[in-house]
Amino acid sequence: MDLRRLRTVLAIMEHGSLSRAAERLGIAQPALGAQLRHLEEELGVPLLLRHSRGVTPTEAGRALRDGAWPLLEGLDALANHIRDLGNTPRGRVVVGVTPSTGNLLAAPLLRATTQDLPGVALSFVEALSTALIDQVAEGAVDLAVCYDMPVDRRGVRGETLAQDWLVFVETHEAGRIAGRTEIPFAEAAAVPLVMSALGNEVLRRMIEGSARAAGLDLIVAHEVQSMGLTRALLSDPGLGAILPYGALIDDIRAGRLVAARLVRPVVGRRLCLVHSDRRPLNRVEIALRGALLRLMAAPEGEGWEAPPGQDAI
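Residues numbered from 1 in each chain as written. Predicted model: local features only at pLDDT ≥ 70, side-chain atom pairs only at ≥ 80, totals over all residues. Heavy atoms only, no water.

## Some remarks on the pairing of strand β5 (residues 143–147)
With five of five residues buried, β5 is to be regarded as a mostly interior element. Neither face of β5 is open: one carries Leu143, Val145 and Tyr147, the other Ala144 and Cys146, and all of them are buried. By the bridge criterion, three bridges tie strand β3 (residues 91–97) to β5 in an arrangement that is parallel. Residue pairing for β5: Val97 is matched across the bridge by Val145. (Buried < 20%, exposed > 50% of the residue type's maximum accessible area, 1.4 Å probe, protein only. Helix = DSSP H or I, 4+ residues; strand = E, 2+ residues; numbered from the N terminus. Pairing = 2+ DSSP bridges.)

## Looking at the side chain of His275
Secondary-structure assignment places His275 in strand β12 (residues 268–276). Beyond its immediate chain neighbours, meaning those up to four positions away, His275 contacts Val136, Asp142, Leu143, Gly155, Val156, Arg157 and Leu281. (Contact = heavy atoms within 4.5 Å.)

## Quick look at helix α8 (residues 201–213)
When the terminal C-alpha atoms of α8 are compared, their 18 Å separation across 13 residues agrees well with the 18 Å that a helix rising 1.5 Å per residue should span. Restricting attention to buried positions, one finds in α8 the residues Leu203, Arg204, Met206, Ile207, Ser210 and Ala211. End-on view of α8: buried residues confined to an arc of 160°, all on one side of the axis. Residues Arg205, Arg212 and Ala213 are exposed on α8 and point more than 90 degrees away from its buried face. (Expected span 1.5 Å × (residues − 1). Arc of directions from axis to C-beta.)

## Points about the environment of Gly303
Here Gly303 shows up in the segment after α11 (283–297). With relative accessibility at 8%, the residue Gly303 sits in the buried group. Taking the C-alpha atoms as reference points, Gly303 and Trp165, 138 residues apart in sequence, are found 17 Å from one another. Other than its neighbours up to four places away in sequence, Gly303 contacts Leu104, Leu295 and Ala298.

## Quick word on the pattern of salt bridges
A full pass over the atoms with the stated rule returns 16 salt bridges. Between Glu170 and Arg176 there is a salt bridge whose closest N-O contact spans 2.7 Å. Judged by relative accessible area, which is 25%, Arg176 ranks as partly exposed. One salt bridge in this structure joins Glu208 and Arg204, with 2.7 Å as the shortest N-O distance. In this pair, Glu208 and Arg204 are both assigned in helix α8, four residues apart and thus about one turn of the helix distant. Classification of Arg204 as buried rests on a relative accessible area of 13%. By sharing partners, the salt bridges in this structure join Asp142, Arg279 and Glu285 into a single network. (Salt bridge = Lys/Arg side-chain N within 4 Å of Asp/Glu carboxyl O.)

## Examining α11
With 15 residues, α11 extends 21 Å from end C-alpha to end C-alpha; this agrees with the ideal 21 Å at 1.5 Å per step. The complete set of buried residues in α11 reads Val284, Glu285, Ala287, Leu288, Gly290, Ala291, Leu292, Leu295 and Met296. You can read the cap of α11 off the contacts: a side-chain oxygen lies 3.1 Å from the backbone nitrogen of Val284, and it is on Asn282. (Polar contact = N/O pair within 3.5 Å; in protein donor to acceptor, adjacent residues only side chain to side chain.)

Listed below in structure tokens is the structure:
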């Protein structure tokens, strides 16, 4: 039995439809259907029942699922153990990052891995935090650096790396920040804002909830779901945005945009390292976790770059 084909069919069962499984796995739906047919032909029994809402496993499909998962997890653990017998960590790790954490951490992590862990290859996946946590639970991502992992989320566990604060961003020519590292939320709320659209509901709800709690009304001038479009709109000195510091960090470093940490109130999130709770970290993942923790503690310019303003508020 082909293990890759088996894993693919199990993923279809887990997601309940070919289309959702194809989207999650990044595989064309016809190719998934072919994998399913091949396995059904090999075993001589139908494994899934198709209906208007997707698919459900047959009795044979359920028996395959229940028997295969422990075997596959055992094979994965055996492969990791054999790899760990070498003198140096070797292997490939799929690392999930959000757009803003990727801007701040991906390049330093790659440099540190190349220098200190030459046997480790990194593969980066970029998505919003909720999607990354789902992918860790499903086994598609090994480690994810994301925000505010729910404490009751099954299938994953995590640890807090740092507290991250949202910032107010504007073009240098606007002059409202004028060299300050902090800006009161009330002052930022008085500026027409470029806000995230429905693609990032968590961030949008956090900003709007903090504003309501402070008795502030936001002026939403534009709703966009593109950081490139946000960057273009912020060329207008009359506009501002409330964002994670890393979202437009290249423009901030180049001086095209300026940023100040929101205060009174601050709007913060926990930056978390998330991995599966179905198995312990293997040797390669432990080594990569150590490299990431060293980056978080490194001096500014060498690792994680905190937003401007006071460290403790």
